[in-house]
Amino acid sequence: MTPKQTRRCEESHSIWVLPALVLVTIAAVGLLYLRGDLNSVLCDGPCPAEYVTAPEGLAVAKPAAATASTFGAGQISAAAVQAAIADSLASPDLGRRSSFYAIDARDGTVLAKSGTGALTPASTTKVLTAFAALNELGSTTRFETKVVRQGNQLVLVGGGDPYLMTKAVKGSAVAKANLTDLAKQAAKSVGEQPVEVGYDASLFTGPAASPGWEVSYLPGGVVAPVSALWVDRGRVGSARSADPAAAAAAVFVGQLRAAGVKVVGTPVQTTARVGGKQVAVAKSAPVNRIVERLLTDSDNEVAEVMLRQAAIAAGEPASFEGGAATVKKSLTAAK
């Protein structure tokens, strides 16, 4: 093959390669979009419904006009409804407290029921908590996790950030603060001097577990104790911590050592002194993003933290009781 022919062959190859690369790129981006991997970039968080692609098989065809016109006619068999839900209601996964009512919307006839009466779903009360949080705190408020230096001690001060993480989470709309960055900031003020570590979770008051919870919730790992200082939503690995503040302090010590700080001893619970020197700070996501995520995930623990944050903003105690009073006050004022 002559040099001229070789050059023509290379040019022809280049002409085909570029469009192929463009098509592959478009296909890859399209796949990522359909999977939802680009949501955090396109929408800065969960995308609204109009941008969501329904999974295959989920779309429901509209009934034919003749069928639709007869929908709802005739009696509904109460026995058939009761039989249809009997196995599901008997499932032990529902726990000891469950209730079910099926009512004919046309005349209010009770077709089937189970349990002792109406119950208030936790996810319903989360909506009220979210309303109070937005009402009392506003949408742009951020919570600060700080590190204060007191002599040779660094104190990790919890600011009630429900999404404080160990490390940065790329693309997350809510996990904006992490202990790795805090440790790196604090390390700059310490140098080679050995330090002790304390932790302060005094922002919230009252019990960390509600008297209304099932007694098995904490030992069973259903929820974590409510704390103004926790990391990774109160979890150590996949398990919920029995002492989230102490667990967060232990993680912070590890991140300090990774940043070159000489830490002596084990973390101790303390209260940051007024006038201590702030050497590091990390801010949470704004309240509107936190509320959006807690409702999307129906997150019990994040809702408990936001209940206390709303109470603080309203001048109430940062406790279960203070939070409940704040929700009632917010709803009453909104009538």
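Student: What is the right way to read the overall build of the chain from this model?
Tutor: Assigned secondary structure in the chain consists of 10 helices and 9 strands. The proportion of buried residues among the 335 residues of the chain is 33%. Pairs at least 24 residues apart make up 66% of the contacts formed inside the chain by residues separated by at least 6 positions. Taken as a whole, the chain presents about 19800 Å² of accessible surface, with 58% of it coming from carbon and sulfur.

Student: Just to check I follow, could you spell out the packing of aromatic side chains for this structure?
Tutor: We describe a pair of aromatic rings using the distance from one ring centre to the other and the angle between the two ring planes. Summed over all chains, the structure comprises 1 aromatic pair. Above the face of the Phe 320 ring, Arg 308 is positioned so that its terminal group lies 4.0 Å from the ring centre.

Student: Could you clarify how one ought to interpret the packing of helix α5 (residues 122-137) against helix α9 (residues 300-313) in this entry?
Tutor: Two quantities define a packed helix pair, namely the angle between the axes and the distance from one axis to the other. Between α5 and α9, the least distance of the axes is 9 Å, while the angle of their chain directions is 35 degrees. Of the two elements, α5 crosses α9, and the hand of that crossing is left-handed. Taken together, the residues of α9 that come into contact with α5 (itself represented by Ala 122, Lys 126, Thr 129, Ala 132, Ala 133, Glu 136 and Leu 137) are Asn 300, Ala 303, Met 306, Leu 307, Gln 309, Ala 310 and Ala 313. In the contact of α5 with α9, the residues fall into 9 nonpolar, 3 polar and 2 charged.

Student: Looking at this structure, how should I read the pattern of salt bridges?
Tutor: In a structure, side chains of opposite charge can pair up when their charged atoms sit close to one another. Enumeration according to the criterion identifies 8 salt bridges in this entry. Between Arg 106 and Asp 104 there is a salt bridge, with the nearest N and O atoms lying 2.9 Å from each other. In this structure Asp 104 comes out as buried when scored by relative accessible area, which is 6%. In this structure, Glu 301 engages Arg 235 in a salt bridge whose closest nitrogen and oxygen atoms are separated by 3.5 Å. Here Glu 301 is found in helix α9, whereas its partner Arg 235 is found in strand β6 (residues 235-236), with 66 residues between them in sequence. Since its relative accessible area comes to 5%, Glu 301 is described here as buried. In this structure Arg 235 comes out as buried when scored by relative accessible area, which is 16%.

What counts and how
Residues numbered from 1 in each chain as written. Predicted model: local features only at pLDDT ≥ 70, side-chain atom pairs only at ≥ 80, totals over all residues. Heavy atoms only, no water. Helix = DSSP H or I, 4+ residues; strand = E, 2+ residues; numbered from the N terminus. Buried < 20%, exposed > 50% of the residue type's maximum accessible area, 1.4 Å probe, protein only. Contact = heavy atoms within 4.5 Å. Areas by Shrake-Rupley, 256 points an atom, 1.4 Å probe, with all protein chains shown as cover. Phe/Tyr/Trp six-rings, centres within 6.5 Å; stacked < 30°, edge-to-face > 60°. Lys NZ or Arg CZ within 6 Å of the ring centre and 35° of its normal. Axes fitted to C-alpha atoms, helices over the stretch in contact; angles between N-to-C directions. Left-handed = near helix turned anticlockwise from the far one by under 90°. Nonpolar A, V, L, I, M, F, W, Y, C, P; charged D, E, K, R; others polar. Salt bridge = Lys/Arg side-chain N within 4 Å of Asp/Glu carboxyl O.

Functional significance is not addressed by these values, which are geometric in nature.
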